[in-house]
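Residues per chain, in single letters:
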Amino acid sequence: MEFSELIKTATVEDVLLSRQGLPAVRGTLCITSHHLLLSSCPRGELELWLLIRNVDAVEKRWARPQGCPCPCHRATPRPFGHRAAPGHRVLPLPPGGGRAGSASSPPPPPPPPPPPPPPPRVQNLGWYQPPRSGGSLRDTRVCGSSGTITLRCKDLQVLQLEIPGMEQCLNIASSIEALSSVDSVMMLYPFFYRPPSLQLQQGWHLRVPECHFQRVASQTSRWRLSTVNGDFSACPSYPPAVVVPAAVPDDTVARAARFRQGGRFPVLSYFHPKNGTALLRSSQPLTGPNRRRSREDEQLLGAILAGAGLGFVLDTRSAQAAKQARISGGGTEHKSAYPGWRRLHRALDRGRVLQDSFSRLAELCADPTVTMERWLCRLDSSRWLSHVKAALSTACLAAQCLDREGCTVLVHGAEGTDTTLLVTALAQLILDPACRTLQGFQELLEREWIQAGHPFQLRCARSASSHARGKQEAPVFLLFLDCVWQLSRQFPLSLEFGEQLLLTLFDNAYASAYGTFLCNNERERSLCKVKESTHSLWAWLEQPEEKHKYLNPLYSHNPLVIWPSVEPQSIQLWQGFFLRWIRPSQHLEEAWGQIQRLVHEKRQSQPLPEPPAGTENGKLGTR
């Protein structure tokens, strides 16, 4: 497939771009294989770029002036019951069935004075049909018709393009829809993007499983690095190297993988050095309605608990949903087959429920007419903040079992690629101060989201405004970023990175120039040669001129566990994301820049004092 086949009109003059809160820009619109480019008139002093992959929905309207002399606008008598074409006036029939001046009828009375012309009518371009007699699309374009295309982007930005000419407007809309829906991974922009400041394979050096194991091996000898999945045969969504119990050989691990959905056998996610407990993740066991068992799976989980006391299986489904999963071949770990393990259920919504919640909240935030009463009612009915609260509560439960109860925790839901990763990643942020640094947070994302097999290509295919109702889209990663923002708000000194990094991560997960979030797992990335053919987002962020934008100037290392409050009054709407294109951000950016300058000058003169141990803003960091 050639991109030129999808572009029906490449350039249009005299296009007006409108954005909320910003002055309109008139200029020339160009469509390339991956971008929309608007160059302002008359001298092209301003260029605006939009990655077409960022377009979530295309809405079309058209308007046509009255009094146009072209044939398609002439008012002609039509039989009774005939519906006029859009924008046409139908004159009343004269007496006598249309034979004006005939002998059998009196002369018609003088016509009344014509009424003032109505305003131009606006209709959806997608439903427009050209007149059949005497008119054409080209006629309407010549006589001054125009169309408006509204682009609703995946990052919640809304752009309006006023395009002269019906035919050009339709072609532009069709081209954008086709280019934004390209399915082939290797046709996406990261495979063509070549920034001069970066080199290929730069930033792909993060050998996360190996680095993670080195830290674990320095603290205990109970775990080993296994290459049982070196050819992705054991589990296609796991990386080639994983950390498993040292007492379990690879052949036992491979057999245990057959008893887990998608082959996602239990692997180490985090080792808690305080008391030697472990956080693991997997998918559900395939017990089925007949309560099947696997000796290898039981041996694997038994080896994890050897000499470690009690363990908890934290299931992110409700007890009823887990029971119903047995009908389709899934299920849970039966307590008689896994002695020492106790099951906890904490239901976390995902899939269509989470996607609809995101859409309702985005629609509410974009509504300029909402009243305070309606705002509070619709905010509550969207249930987004309830999802945030549930995710943080479940992560706190996992962290509490590890840190305070001294118990090992295995987290899984059904597939183990969505809410499972959400819980394990948040629990590590709460427990491990290394994950709260910029470098540690990048490694956490790489280990617990990208290499752990979260299907970004499926989950982030559409955002909140899409009219398509797919079954695979779900903003699980956005929910994670929102929870991280809640942590940063409650503990403003404990995270080395700021809100801008979270926004950048969302934008690149949904539409990016880099290959970091491409595909659904490491196997697909290997087949598409992503690391050999695209640039890494981490390499871009590590550049000195970029890195300072994402750092928190108030950061001070906090070695302790941070326990967030999950009370309803503590969970707030993430305005920096949901309202970033609606509220003016200039003053906030200026204030943040001033804070950065003041802190930098202060550190140049004298180092900032460290906060008292165990505190955050002078208050105990546990609630």
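The model shown is predicted, which means the values in this text are computed figures rather than measured ones.

(A) Region of the structure containing a positive patch on the surface. A cluster of like positive charges, contributed by Arg291, Lys323, Lys335, Arg342 and Arg343, occupies part of the molecular surface. Mapped onto the elements of the fold, Arg291 is located in the loop between strand S12 (277-281) and helix H5 (295-305). Looking at Arg291, the relative accessible area reads 45%, which means it is partly exposed.

(B) Spotlight on the pattern of salt bridges. Evaluation of the coordinates by the stated rule reveals 25 salt bridges. With its nearest N and O atoms 3.7 Å apart, the salt bridge here joins Arg255 to Asp251. One end of the pair, Arg255, and the other, Asp251, are both in helix H4 (residues 250-257), four residues apart, so they sit about a helical turn from each other. Accessibility expressed as a relative area gives 38% for Arg255, which makes it partly exposed. A salt bridge links Glu298 to Arg293; its shortest N-O distance comes to 2.8 Å.

(C) A look at empty space enclosed by the protein. A full pass over the atoms with the stated rule returns four cavities of 30 Å³ or more. Of the voids in this model, the largest cavity is the one considered here, and its volume is about 260 Å³. For the lining of the largest cavity, the secondary structure elements donating two or more residues are helix H12 (456-459) and helix H14 (499-510). No other element matches H14, which puts three residues into the lining of the largest cavity. Of the residues assigned to the lining of the largest cavity, the class counts are 18 nonpolar, five polar and two charged. Looking at the second largest cavity, its volume works out to about 140 Å³. In terms of lining residues, the second largest cavity is bounded by 15 residues, among which Pro209, Pro239, Ala241, Arg281 and Arg447 are the most central. Broken down by secondary-structure element, the contributors of at least two residues to the lining of the second largest cavity are helix H3 (208-217), strand S10 (242-245), strand S11 (267-272) and helix H11 (438-450). Tallying contributions element by element places S11 first for the lining of the second largest cavity, with three residues. Its residues assigned to classes, the lining of the second largest cavity shows nine nonpolar, three polar and three charged.

Conventions and cut-offs
Residues numbered from 1 in each chain as written. Predicted model: local features only at pLDDT ≥ 70, side-chain atom pairs only at ≥ 80, totals over all residues. Heavy atoms only, no water. Patch = residues over 30% accessible without salt bridge, like charges linked within 9 Å, V, L, I, M, F, W, Y side chains within 5 Å. Areas by Shrake-Rupley, 256 points an atom, 1.4 Å probe, with all protein chains shown as cover. Salt bridge = Lys/Arg side-chain N within 4 Å of Asp/Glu carboxyl O. Lys, Arg positive; Asp, Glu negative; His and termini not counted. Charge placed at Lys NZ, Arg CZ, Asp CG, Glu CD. Helix = DSSP H or I, 4+ residues; strand = E, 2+ residues; numbered from the N terminus. Buried < 20%, exposed > 50% of the residue type's maximum accessible area, 1.4 Å probe, protein only. 1 Å grid on protein atoms, 1.4 Å probe; cavity = no way out; pocket = protein on both sides within 12 Å on 5 of 7 lines; lining within 4 Å. Points joined across faces, edges and corners; volume = space filled by probe spheres on them. Nonpolar A, V, L, I, M, F, W, Y, C, P; charged D, E, K, R; others polar.

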